[in-house]
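Take a look at the letters that make up each chain.
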Amino acid sequence: MTRLYLSCDSCALSVGADELAQALTAQLGEQIDLQRTSTRGMFWLEPLLEVETPQGRVGYGPLTTEDLPSLLAADLLNGGDHPLCIGLVEQHPYLARQQRLTFASLGHNRPLVMEDYAAQGGWSGLQRALTLSAQQIVDEVKESGLRGRGGAAFPTGIKWQTVLDAQAPYHRGFDEAVKFIVCNADEGDSGTFSDRLVMEDNPFQLIEGMLIAALATGATRGYIYLRAEYPHAHRVLQQAITLAEQQGYLGEAILGSHHRFHLQVRLAAGAYICGEETALLESLEGKRGMVRAKPPLPALEGLFGQPTVVNNVISLASVPLILNKGGAYYRDFGQGRSRGTMPLQLAGNIRQGGLVEVAFGVTLREILYDFGGGSASGRPIKAVQIGGPLGAYIPPAHFDTPLDYEALAAIGGMVGHGGIVVFDDQADLGQMAAFAMEFCALESCGKCTPCRIGSTRAQEVLARIRQGEDAEDNLALLTDLCDTMEQASLCALGGMAPYPVKSIVKYFGEELHSVSQTPSAGGQH
Ligand SMILES: Cc1cc2nc3c(=O)[nH]c(=O)nc-3n(C[C@H](O)[C@H](O)[C@H](O)COP(=O)(O)O)c2cc1C
Ligand code: SF4
């Protein structure tokens, strides 16, 4: 019997992985043992079928059911040659060049099989954490240099220290002095999917990360605030939580210890602003997702007024390895104040879209060309937007910038959640500048004037510039407006919406002045 592997991730499912699985089973029956695993994150190859051979796993993709006759004729079950064969998967340059720490299991595990998780080193971090004091766990995370992967890059260990040190007041509704771990799984940034990959492809890793956060801070309850547009992740998480409860990882007396932790999933409200941590907490409390003024910090007065850790999925999913191998091990990757690895997500007009987890320090050029293989259209890349809809557009002149928090900030950019959206030379960046403000106006929670009013006024000013109306005066007005939004907005939605606009004014200024006739060549993935 030959063992085959095919992803059950929603990306693979969306391009026919289930149909392929059915056809394989119907045609080959007892000859094969078809395992539905996590994806490799090489999305342009999905559905990617892998065949176990004595040399290693040989890959074929992207496949449709129509390819099966020719594949079988080419001796698929022995890794035979075929135009869609990519050779040994582990040796594919896209994978071989990566440093997968957080995503080391991708392609190897079946997402809901606990034995697979344990076989990949799962639960080792938790087991070690159970032997440490809360302070020792926090110290290990501090040592790792991990900074929040949700966008703001705040040091995770310091946030945990604040919650550990906080005295939780008694809460009548929960009948205890409760602290919370809230996982921000709203993943609203354009071109991003790494949170989804953790939740769909290795859900126990997130559960383990949240458990360790709970041990580190004394939290007893947790919520995953999940993007409602991720129904597959929702199903997987629910099943994973049930399995973890049945095996004693969640609930009372975790693995026989005196620790307890109850975890639930809550579906998000479908607004970008609900990813902002204070709006998220409002939404989780059942209210409209409006931003709260800070202070108080959520770490001190968060969910229902109790001390709360709010962390992104990737931040939490990085923690099991840090506890398992030690903070110093993780810290050894990366450069400067950007330690460890960053799961970058390549999207837009790019030939090889997918997940690229590498240590900080790799250049944008390497990401775009060595991993991404250039634009999907084959045309020159004109710009990349990094860090979601509030990120700057970076021109080719800066493609040799190393990817780290400080180096990107120095050129007006940001790492954010690691989404990289690629645009070729046909993209109309004037249109994208207008889109940035349109997005802000649509998604604004309305609490503060610079964002609520400023984003609408900025759209009007941009339209006048594009029509050639008093261009110079209007550009000066736009600059003023951007400065006001940046400095006076209550949160980063209004505060950073000017970033893409300012980068387009700076690097692609001429495009603001003409309404382009060519269609935008933006997203492909
Ligand atoms: C408008 C806006 C949207 C955001 N959306 C998300 C999101 O979808 N996911 C996320 O993890 N963080 C998001 N953030 C960042 C969170 O406010 C917060 O910094 C993060 O959840 C903290 O976790 P971390 O320290 O692990 O990154 C957003 C921030 C803003 C201002
Ligand atoms: S900047 Fe915008 S989204 Fe943020 S608080 Fe103000 S109005 Fe709300």
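The paragraphs below set out a description of the structure included in this document.

The rules behind each value
Residues numbered from 1 in each chain as written. Chains lettered and ligands numbered in written order. Predicted model: local features only at pLDDT ≥ 70, side-chain atom pairs only at ≥ 80, totals over all residues. Heavy atoms only, no water. Helix = DSSP H or I, 4+ residues; strand = E, 2+ residues; numbered from the N terminus. Rg over C-alpha atoms; globule rule 2.2 N^0.38 Å. Buried < 20%, exposed > 50% of the residue type's maximum accessible area, 1.4 Å probe, protein only. Contact = heavy atoms within 4.5 Å. Areas by Shrake-Rupley, 256 points an atom, 1.4 Å probe, with all protein chains shown as cover. Lys, Arg positive; Asp, Glu negative; His and termini not counted. Charge placed at Lys NZ, Arg CZ, Asp CG, Glu CD. Core = buried A, V, L, I, M, F, W, Y, C linked by side-chain atoms within 4.5 Å. Near = heavy atom within 4 Å. Nonpolar A, V, L, I, M, F, W, Y, C, P; charged D, E, K, R; others polar. Pairing = 2+ DSSP bridges. Polar contact = N/O pair within 3.5 Å; in protein donor to acceptor, adjacent residues only side chain to side chain. Phe/Tyr/Trp six-rings, centres within 6.5 Å; stacked < 30°, edge-to-face > 60°. Lys NZ or Arg CZ within 6 Å of the ring centre and 35° of its normal. Patch = residues over 30% accessible without salt bridge, like charges linked within 9 Å, V, L, I, M, F, W, Y side chains within 5 Å. Salt bridge = Lys/Arg side-chain N within 4 Å of Asp/Glu carboxyl O.

Bringing the overall build of the protein into the picture now. Tallying secondary structure elements over the protein gives 22 helices and 16 strands in all. A compact globule built from 525 residues should have a C-alpha radius of gyration of about 24 Å, and the protein, at 24 Å, falls within 12% of that. Structurally, the protein occupies a C-alpha span of about 75 × 65 × 40 Å along its principal axes. The 525 residues of the protein split such that 58% are buried. A sequence separation of at least 24 residues applies to 71% of the contacts in the protein between residues at least 6 apart. Accessible surface, the protein as shown: approximately 20,100 Å² in total, 50% of it carbon and sulfur. Where the 39 positive side-chain charges of the protein centre and where its 58 negative ones centre are 5 Å apart.

Of the consecutive residues G61 and P62, the connecting peptide bond is found in the cis state with omega at -5°. Cis geometry is adopted by the peptide bond preceding P295, which originates at K294 and carries an omega value of -5°. As for its position among the elements, P295 is in the loop between helix 12 (277-284) and strand 9 (308-312). Non-glycine residue F304 carries a positive phi angle of around 50°. Residue placement: F304 occurs in the loop between helix 12 and strand 9.

Core analysis: the largest hydrophobic core is formed by 62 residues, its most contacted members being W160, M199, L206, I207 and I224. The greatest single-element share of this core, amounting to 10 residues, is contributed by helix 10 (residues 203-217). When sequence neighbours within four positions are dropped, the list of residues in contact with W160 reads I137, V138, V141, I212, A213, A216, T217, V309, N311, L316 and V319. With 37 residues, the next largest nonpolar core counts A427, L429, V461 and L481 among its residues.

As a further point, take the site of ligand 2. The environment of ligand 2 is made up of 13 residues, and the closest members are C445, K447, C448, C451 and C491. Among the residues forming the shell around ligand 2, the class breakdown is 8 nonpolar, 4 polar and 1 charged.

Right, let's talk about the pairing of strand 16 (residues 419-424) for a bit. Strand 16 sits mainly inside the fold: 6 of its 6 residues count as buried. Residues of strand 16 alternate between two faces, with G419, V421 and F423 on one and I420, V422 and D424 on the opposite face, all of them buried. In the sheet, strand 12 (residues 341-348) pairs with strand 16 via 4 bridges, with the strands oriented parallel. Bridge assignment links A347 to a residue of strand 16, and that residue is V421. Bridging between strand 14 (residues 381-386) and strand 16 involves 5 bridges; their strand directions are antiparallel. Residue pairing across strands places Q385 opposite V421, the latter belonging to strand 16.

What follows covers the site of ligand 1. Among the 20 residues in the neighbourhood of ligand 1, the closest are listed as G150, N184, N311, N312 and S315. Contact between ligand 1 and E187: an oxygen atom at 3.2 Å from a main-chain N or O atom of the residue. Measuring from an oxygen atom of ligand 1, one finds a backbone N or O atom of N312 at 2.8 Å. Relative to its unbound accessible surface of 610 Å², ligand 1 loses 92% to contact with the protein.

Quick look at the packing of aromatic side chains now. What the rule picks out here adds up to 16 aromatic pairs. Put simply, the rings of Y117, W123, F204 and Y249 pair up and form one aromatic cluster. Taking the ring centre of Y5 as reference, the NZ or CZ of R57 above it sits at 3.5 Å.

With that settled, consider the side chain of R100. Mapped onto the secondary structure, R100 falls in the loop between helix 4 (93-96) and helix 5 (114-119). At a separation of 2.9 Å, a polar atom in the side chain of R100 contacts the side chain of Q98. Of note is the side chain of R100, whose polar atom sits 3.2 Å from the backbone oxygen of L355. Not counting residues within four places of it along the chain, the set of residues in contact with R100 comprises R40, G41, L95, L106, L355 and E357.

Within the element layout of this structure, L164 appears in helix 8 (residues 156-165). Along the backbone, L164 and L101 are 63 residues apart, and their C-alpha atoms lie at a distance of 27 Å. Every residue in contact with L164, bar those within four places of it in the chain, is listed here: A134, Q135, V138, K179, A216 and T217.

For the rest of this paragraph, the subject is the sheet that holds strand 15 (residues 393-394). Strand order across the open sheet formed by 5 strands is 13-12-16-14-15, with mixed pairing between neighbours. Every interior strand has two partners, whereas the edge strands, strand 13 (354-359) and strand 15, have only one. Bridge count for strand 12 against strand 13 is 6 bridges, and the pairing is antiparallel. Directly across from L346, in strand 13, lies its bridge partner G354.

With that out of the way, let us pick up a negative patch on the surface. Where like charges cluster on the molecular surface, the negative patch consists of E469, D470, E472 and D473. Along the chain, D470 falls in the loop between helix 19 (454-466) and helix 20 (471-488). Looking at D470, the relative accessible area reads 54%, which means it is exposed.

Moving on: helix 9 (residues 194-201). The element helix 9 is extensively covered by neighbouring structure, given that 8 of its 8 residues are classed as buried. Residues of helix 9 that are buried include every one of S194, D195, R196, L197, V198, M199, E200 and D201, and no others.

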